[in-house]
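Listed below are the residues making up each chain.
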Amino acid sequence: MRCLCVMTLALVASLPALAQEDLGQVLFGNKPKAFIEPSGFYAVILPAGFDCEAKVPRHVDCKSNRGTNALLTLDVLDVPPSATSDIAMLNQMDRFQQKPHFKKIAETRTKLDGSPAITVAFQYDYLGNVEYTVGVQQLIMVRGGKLYLIHLETPLQSFAAHKKDLEQVYGSFKPARLDASGNPILDDLRPIAPKNTGSSADIERALKGGF
């Protein structure tokens, strides 16, 4: 997977002045949506299959616009210096193991922007109803005292409808380096456009227009 956009310094410099209502205008619509986390922790392309809102600091909430009842969230959380991706994954598993008929499906070691990360998938039955099985996939990375968590939750039978959306998020996610105080270095938010995507031109136009 390759990153899907080229961020400009002018766009990054304008981040502190952006209002939440301005963000809302960009995060809706059935096309890829270039997005820089307002605090500058990451840049990403939010996929066409979701409408998203960024009303809470370091949290993006996305709901499917394809009628699948899917939920996609992106979070940046503070963790202790001793934290690792493995510890964060175990904490997430502890949280979901309380769900009815919990079952772990897969665990994959990967890298996100060169840092070790874990992708884990599992399922559970909503309110114990075996006819409503929920599929969950999480990408977990800990770096510089921050936990980056990308979470997709959807009825298991609808999971395939958002497979490409999830790949787009993973492929375009670009976390910034952090300085000694834990603040993001905004100049890092410069993902590179891939050669074999039909959406590159649309993304370029969106970025040139700013937020």
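Residues numbered from 1 in each chain as written. Predicted model: local features only at pLDDT ≥ 70, side-chain atom pairs only at ≥ 80, totals over all residues. Heavy atoms only, no water.

Engineer: Which parts of the structure should I look at to understand the overall build of the protein chain?
Structural biologist: From N to C terminus, the protein chain includes 5 helices and 10 strands. Residues counted as buried form 48% of the 211 residues belonging to the protein chain. For the protein chain, the proportion of contacts with a sequence separation of at least 24, taken over those separated by at least 6, is 53%. Element-wise, carbon and sulfur atoms account for 53% of the exposed surface of the protein chain, whose accessible area totals about 10700 Å². (Helix = DSSP H or I, 4+ residues; strand = E, 2+ residues; numbered from the N terminus. Buried < 20%, exposed > 50% of the residue type's maximum accessible area, 1.4 Å probe, protein only. Contact = heavy atoms within 4.5 Å. Areas by Shrake-Rupley, 256 points an atom, 1.4 Å probe, with all protein chains shown as cover.)

Engineer: Looking at this model, I keep getting lost on the side chain of S64. Mind explaining?
Structural biologist: Relative to the elements of secondary structure, S64 occurs in strand β4 (residues 59–64). A polar side-chain atom of S64 sits 2.9 Å from a polar atom in the side chain of T68. A distance of 3.0 Å separates a polar atom in the side chain of S64 from a polar atom in the side chain of H162. Contact partners of S64, with chain neighbours within four places excluded, come to G49, F50, N69, A70 and H162. (Polar contact = N/O pair within 3.5 Å; in protein donor to acceptor, adjacent residues only side chain to side chain.)

Engineer: Is there a simple way to explain the pairing of strand β8 (residues 133–143) in this structure?
Structural biologist: Each regular strand carries side chains that alternate between the two faces of the sheet. Of all 11 residues that make up β8, 10 are buried, and the element is covered over most of its length. Note that strand β7 (residues 115–125) and β8 share 8 bridges and pair antiparallel. Within β8, the position partnered with A121 by the bridge is Q137. Strand direction decides the pairing type here: β8 and strand β9 (residues 146–155), joined by 10 bridges, are antiparallel. Its bridge partner lying in β9, R143 is registered against K146. (Pairing = 2+ DSSP bridges.)

Engineer: I would appreciate a short explanation of the packing of aromatic side chains in the present structure.
Structural biologist: A ring pair, where both rings are aromatic, is described by two values, the distance of the centres and the angle of the planes. Scanning the entire structure with this criterion turns up 7 aromatic pairs. With a centroid separation of 5.0 Å and an interplanar angle of 50 degrees, the aromatic rings of F96 and F122 are classed as tilted. Residue F96 is found in helix α3 (residues 85–96), and its partner F122 is found in strand β7; the two are separated by 26 residues along the sequence. The pair F96 / F122 is uniform in exposure class, with both members buried. Look at F102 and F122: their rings are 5.3 Å apart centre to centre, the planes differ by 40 degrees, and that puts the pair in the tilted class. With F102 in the loop between α3 and β6 (103–112) and F122 in strand β7, this residue pair connects regions lying 20 residues apart in the sequence. Counting every residue linked through ring pairs, the aromatic cluster contains F35, Y42, Y148 and F173. (Phe/Tyr/Trp six-rings, centres within 6.5 Å; stacked < 30°, edge-to-face > 60°.)

Engineer: Can you help me understand the environment of H151 in this one?
Structural biologist: Of note, H151 is situated in strand β9. In this structure H151 touches L71, L72, T73, F96, V136, Q137 and Q138, once residues within four positions along its chain are discounted. Side-chain polar atoms of H151 contact the side chain of E153, separated by 2.8 Å.

Engineer: In this structure, what is going on with the pattern of salt bridges? I would like to understand it.
Structural biologist: As enumerated under the stated definition, the model contains 10 salt bridges in all. A salt bridge links R66 to D165; the shortest N-O distance between them is 2.8 Å. Of this pair, R66 sits in the loop between β4 and β5 (71–78) while D165 sits in helix α4 (residues 163–172), and the two are 99 residues apart along the sequence. In this structure R66 comes out as partly exposed when scored by relative accessible area, which is 42%. Using a relative accessible area of 5% as the deciding quantity, one classes D165 as buried. A salt bridge links K146 to D78, with the shortest nitrogen-to-oxygen separation between them at 3.2 Å. Note that K146 is positioned in strand β9 and D78 in strand β5, a separation of 68 residues in sequence. (Salt bridge = Lys/Arg side-chain N within 4 Å of Asp/Glu carboxyl O.)

Engineer: Would you mind showing me how to read the sheet that holds β4 here?
Structural biologist: Within a beta sheet, neighbouring strands are joined by backbone hydrogen bonds and run either parallel or antiparallel to one another. Taken together, the 7 strands give an open sheet; going across it, the order is β3-β4-β5-β9-β8-β7-β6, and neighbouring strands pair in antiparallel fashion. Each edge of the open sheet is held by one strand with a lone partner, namely β3 (50–56) and β6. Put simply, the sheet's adjacent strands are angled 15 degrees from each other on average, direction ignored. Pairing of β3 with β4 involves 5 bridges; the strand directions are antiparallel. Residue D51 lies in a different strand from β4, and its bridge partner there is K63. Most of the contacts of α4 go to β8, to which it runs at about 5 degrees, and overall it touches β3, β5, β6, β7, β8 and β9. (Axes fitted to C-alpha atoms, helices over the stretch in contact; angles between N-to-C directions.)

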